[in-house]
Amino acid sequence: MANVIVNRVKEFLKRYPPFNFLSNDSLELVAKEVEVRYFSENELLFEQGDPAQQYFFVLKEGSVHLTEKKDGVEEIVEVCDEGDVFGVLALLGKRPYLLNARVQEESLIYAIPVAIFEKILNENSRVGLYFAAGFASGQVVVRTDLSQSQKARTTFKEISRDSGLLIFTGQSDLNYSSDVLTCPKGTLISKAVASMADKGVGSIVIVNQKDHPIGIITDKDLRNRLIAKNKSYETPVEELMTAPVITKKKDAAFSELYITMIKNRLHHLIFTEDGTMDSPVTGILSDHDILLSQGNSPAVLINALMNTWEINEMAKIRDRAEKLLAYYLENEVSIDFVASIISEINDIIIKRAVEIAKKKYEPDFPEISKVKFCFLSLGSEGREEQLLRTDLDNAIVFEDVAGSKLEETKAYMLLIAQQVIEILLACGFQPCPADIMANNPKYCQPLSTWKNMFSDWIHSPNQQALMNATIFFDYRAILGNKSLADELTEHIYNEITGKSIFLNFLAKNALLNPPPLGFFRNFIVEKSGEQKDKFDIKLRAMMPLADIGRLLVLSHRVVGINNTFRRFEKLADLEPNYRDLMLEAGKAYEILMRMRAIEGLNSGNSGRYIHPEKLGKLQRQLLKNAFAPIDELQKIIQVRFQLDYFRN
């Protein structure tokens with residue numbers, strides 16, 4: 001009979017973390033020492049302030065509420081269900097209990113002796129990480145937990161072995177050349193070309209007397225600057241070289257090297273001893289080296305986009321990018337890296353679309369087509385956070401023109417915008433339900449009109465104006481005359497200066513969505529409609545963090561950082577007293593972005609609505625942990641912007 005009970009305990013425990021991380025022998029050892037206890041309704045397992053027992057607990061059947069007594073009132077902190085682990089202070093710190101454990105209905109509970117589990121905790125890193133990440137019910141969540149949670153998410157799953165992605169997970173070597181062809185300043189191009197041919201390479205680095213790089217010449221430079229310009233082969237290399245060069249250390253993270261090459265459209269990246277131009281050359285990385293190092297490369301997609309004008313082909317490439325995204329998410333690649341790559345792909349499609357539209361309509365508008373304009377991405381794409389092809393939010397700003405030319409200029413710009421939107425829709429993006437797109441005449445305007453619109457929103461911050469602020473204040477210039485966007489940004493900050501009332505309204509708007517856990521510490525879900533019983537991760541979790549990040553960078557007059565998790569990284573430097581909280585908020589937003597993208601890919605939709613019951617225990621706890629910074633930040637906002645005294 002004893003063996004039967006042990007086997008039942010063992011079979012139950014291995015269904016739930018952290019016991020499913022144990023070897024069969026370790027699990028059997030634990031199962032043999034488990035005490036099976038029965039509790040009736042309203043009994044207490046332990047009380048707040050009691051010394052820690054020599055056991056921690058797992059709920060087998062029934063219901064247990066973890067509660068906290070504040071000002072004489074007992075409030076529910078968490079509701080435990082089958083398989084939940086609780087009462088872990090006995091295991092982790094042997095401190096007095098911070099919560100009460102009250103049985104709500106007849107329950108069977110497994111009491112696991114700390115003595116038998118401590119050895120496993122020390123020897124099994126996955127078990128230790130489970131507790132360090134704050135996954136146990138009622139466990140006190142500290143700010144380091146989200147870092148541990150991100151690590152846990154990787155550790156607790158089987159990583160895909162797709163050979164084309166191993167480089168992103170630190171499991172593959174990067175090919176590069178340590179034998180770099182160089183020449184000194186003053187070398188004639190004829191000699192440099194001969195050296196390139198002799199070595200069979202496509203580049204030569206120009207160095208000073210200390211072997212520090214001062215420029216580079218590639219095959220492309222020879223075509224465009226020597227042959228096409230019909231220059232003499234007696235020309236010194238410094239007249240043809242690209243300078244200054246961009247340099248890195250060869251042991252830099254692959255994501256850093258790769259993004260640097262993509263962002264700067266580099267075919268070659270020079271390595272130096274300390275990563276700067278003021279140290280000797282140690283190697284060179286080419287885009288060909290990148291392709292040899294991996295199978296599924298964004299460089300392939302980007303190169304394909306840059307070499308096609310066919311809309312159908314662009315759509316196919318964007319579909320391939322979706323598959324790449326799925327691989328990245330599966331392999332736990334950094335969201336910062338993923339967002340940079342997908343945003344770059346999206347940006348190239350938009351740029352290509354604008355160029356296609358200009359080629360189509362410029363012949364019909366020979367004079368008006370010379371008017372300067374800038375295509376702006378707004379909302380999530382403006383923040384470089386649009387991993388999935390969700391709603392399009394964009395606009396056009398063009399330079400002010402004479403009144404007699406305004407109508408024709410706007411007609412031309414709207415034709416450009418309409419063509420761009422049609423191409424983006426053909427590439428799988430979704431139209432904005434609120435019609436906030438550049439082909440809407442309201443959002444295709446000269447600079448002066450845009451300035452007036454922003455001024456009106458700032459001076460008269462009604463609900464519509466605040467909604468506009470959450471979308472339009474995150475704009476990013478994609479293609480065109482970016483000085484127009486810069487001038488608009490300067491105007492916005494000048495308008496905000498000294499107008500605290502606008503920031504007060506913006507702060508109040510940032511508190512509209514409280515932390516997304518209900519009375520019983522369960523997810524607040526939709527009560528009716530098509531999404532009934534689902535959790536709105538965008539509205540209830542991502543928007544509060546995005547709104548707070550935007551509010552705080554505006555209050556600090558920070559320019560040029562739109563991305564939410566990078567905003568919080570910047571705020572960590574600007575507000576050292578809240579450094580840990582700001583960094584945790586950034587991590588929380590990355591976790592939420594990843595969860596939404598995974599849900600969207602799995603469900604074939606925007607990923608906005610998640611069914612909590614379909615999440616595993618670890619996923620649910622990870623999501624709950626990500627909510628913690630929202631509550632703390634909203635309390636700070638409440639005080640900082642004096643919202644208790646502020647009335648609209």
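Here the structure is a predicted model, which means the values were calculated and not measured.

> Before we go on, may I ask you to explain helix 9 (residues 254-263) in this structure?
Since the α-helix turns once every 3.6 residues, residues separated by three or four places project in the same direction. Among the 10 residues that make up helix 9, 7 are buried, leaving the element largely enclosed by the rest of the structure. Regarding helix 9, the residues found buried are F254, L257, Y258, I259, T260, M261 and I262. Just downstream of helix 9 lies R265, where phi reads positive at about 55 degrees.

> Please explain the packing of helix 16 (residues 447-459) against helix 17 (residues 463-472) as it appears in this structure.
For any two helices packed against each other, one specifies the inter-axial angle together with the distance between the axes. The geometry of helix 16 relative to helix 17 is characterised by a closest axis approach of 9 Å and an angle of 125 degrees between their N-to-C directions. Looking at the two axes, helix 16 sits oblique to helix 17. Taking contact as the criterion, the partners of W450, F454 and W457 in helix 16 are, on helix 17, A465, N468 and F472. A breakdown of the residues in the contact of helix 16 with helix 17 according to their chemical character gives 5 nonpolar, 1 polar and no charged.

> When you look at unusual backbone geometry in this model, what are you seeing that I'm missing?
The peptide bond linking P17 to P18 adopts the cis configuration, its omega dihedral lying at 0 degrees. Note on placement: P18 falls in the loop between helix 1 (2-13) and helix 2 (24-33). Each neighbour pair has its own omega, and for A243 with P244 the value is -5 degrees, a cis peptide bond. Its place among the elements puts P244 in the loop between helix 8 (219-227) and strand 10 (247-248). At D71, a position not held by glycine, the phi torsion is positive, near 55 degrees.

> Is there a simple way to think about the nonpolar core in this case?
In globular proteins that are soluble, nonpolar side chains generally tend to be buried together. Among the nonpolar cores identified, the biggest contains 130 residues, and W450 and F473 are the most heavily contacted of them. Examining the composition of this core, we find that 15 residues originate from one element, helix 13 (residues 335-361), more than from any other. Discounting chain neighbours no more than four positions away, the residues touching W450 are A395, I396, V397, Y443, C444, Q445, W457, F472 and L488. Formed by 29 residues, the second largest nonpolar core is a distinct cluster that contains V6, F12, L27 and V30.

> What am I meant to see in the sheet that holds strand 15 (residues 444-446) here?
Sheet strands pair by backbone hydrogen bonding; their relative direction is either parallel or antiparallel. Taken in spatial order, the 4 strands of this open sheet run 15-14-13-16, and their pairing is mixed. Edge positions in the sheet fall to strand 15 and strand 16 (476-480), since each of these pairs with one other strand and no more. Between one strand and the next, the sheet's axes are offset by a mean angle of 30 degrees, whatever the strand orientation. Bridge count between strand 14 (residues 394-398) and strand 15: 3 bridges; the pairing is parallel. Opposite I396, over in strand 15, you have C444 as the bridge partner. The strands touched by helix 16 within the sheet are strand 14 and strand 15, with strand 15 carrying the most contacts at an inclination of about 100 degrees.

> Sorry if this is basic, but what is going on with the packing of aromatic side chains here?
Where two aromatic rings form a pair, the distance of their centres and the angle of their planes describe that pair. For the structure shown, the criterion picks out 20 aromatic pairs. Between W450 and F472, the aromatic rings sit 5.7 Å apart at their centres with planes inclined by 45 degrees, giving tilted as the arrangement. Here W450, found in helix 16, pairs with F472, found in helix 17; they are 22 residues apart in sequence, far enough to count as distant. Just as W450 is buried, F472 falls in that class too. The side chain of K359 reaches across the aromatic face of W309, ending 3.5 Å from its centre.

> What's the story with the confidence of the model for the chain in this structure? I'm lost.
Regions with low pLDDT carry predicted coordinates that are not meant to be interpreted in detail. Of all residues in the chain, 90% have pLDDT values of 70 or greater, and the mean over the chain is 85. Taken element by element, the predicted model of the chain shows its lowest mean pLDDT in helix 6 (residues 145-155) (58) and its highest in strand 15 (97). Throughout residues 140-144 the model reports pLDDT below 50, and contacts reaching past four residues in sequence, or to other chains, amount to 8 contacts. Counting interchain partners and residues more than four positions distant, the pLDDT-below-50 stretch residues 158-172 has 35 contacts.

> Which parts of the structure should I look at to understand the environment of S343?
Assignment of secondary structure puts S343 in helix 13. Separated by 37 residues in sequence, S343 and S380 place their C-alpha atoms 10.0 Å apart. Discounting chain neighbours no more than four positions away, the residues touching S343 are E381, E384 and E385.

> What am I meant to see in the pattern of salt bridges here?
Taken as a whole and assessed by the stated rule, the structure comprises 31 salt bridges. R352 is paired through a salt bridge with E355; the nearest N and O atoms lie 3.3 Å apart. Taken together, the residues R352 and E355, both in helix 13 and 3 residues apart, mark about one turn of the helix. Two residues, R550 and D547, come together in a salt bridge whose shortest N-O distance is 2.9 Å. Of this pair, R550 and D547 both sit in helix 20 (residues 537-555), 3 residues apart, which is roughly one turn of the helix. By relative accessible area, D547 is classed as buried at 7%.

The rules behind these values
- Residues numbered from 1 in each chain as written.
- Predicted model: local features only at pLDDT ≥ 70, side-chain atom pairs only at ≥ 80, totals over all residues.
- Heavy atoms only, no water.
- Buried < 20%, exposed > 50% of the residue type's maximum accessible area, 1.4 Å probe, protein only.
- Helix = DSSP H or I, 4+ residues; strand = E, 2+ residues; numbered from the N terminus.
- Axes fitted to C-alpha atoms, helices over the stretch in contact; angles between N-to-C directions.
- Parallel < 35°, antiparallel > 145°, perpendicular 65-115°, else oblique.
- Contact = heavy atoms within 4.5 Å.
- Nonpolar A, V, L, I, M, F, W, Y, C, P; charged D, E, K, R; others polar.
- Core = buried A, V, L, I, M, F, W, Y, C linked by side-chain atoms within 4.5 Å.
- Pairing = 2+ DSSP bridges.
- Phe/Tyr/Trp six-rings, centres within 6.5 Å; stacked < 30°, edge-to-face > 60°.
- Lys NZ or Arg CZ within 6 Å of the ring centre and 35° of its normal.
- pLDDT = per-residue confidence, 0-100.
- Salt bridge = Lys/Arg side-chain N within 4 Å of Asp/Glu carboxyl O.

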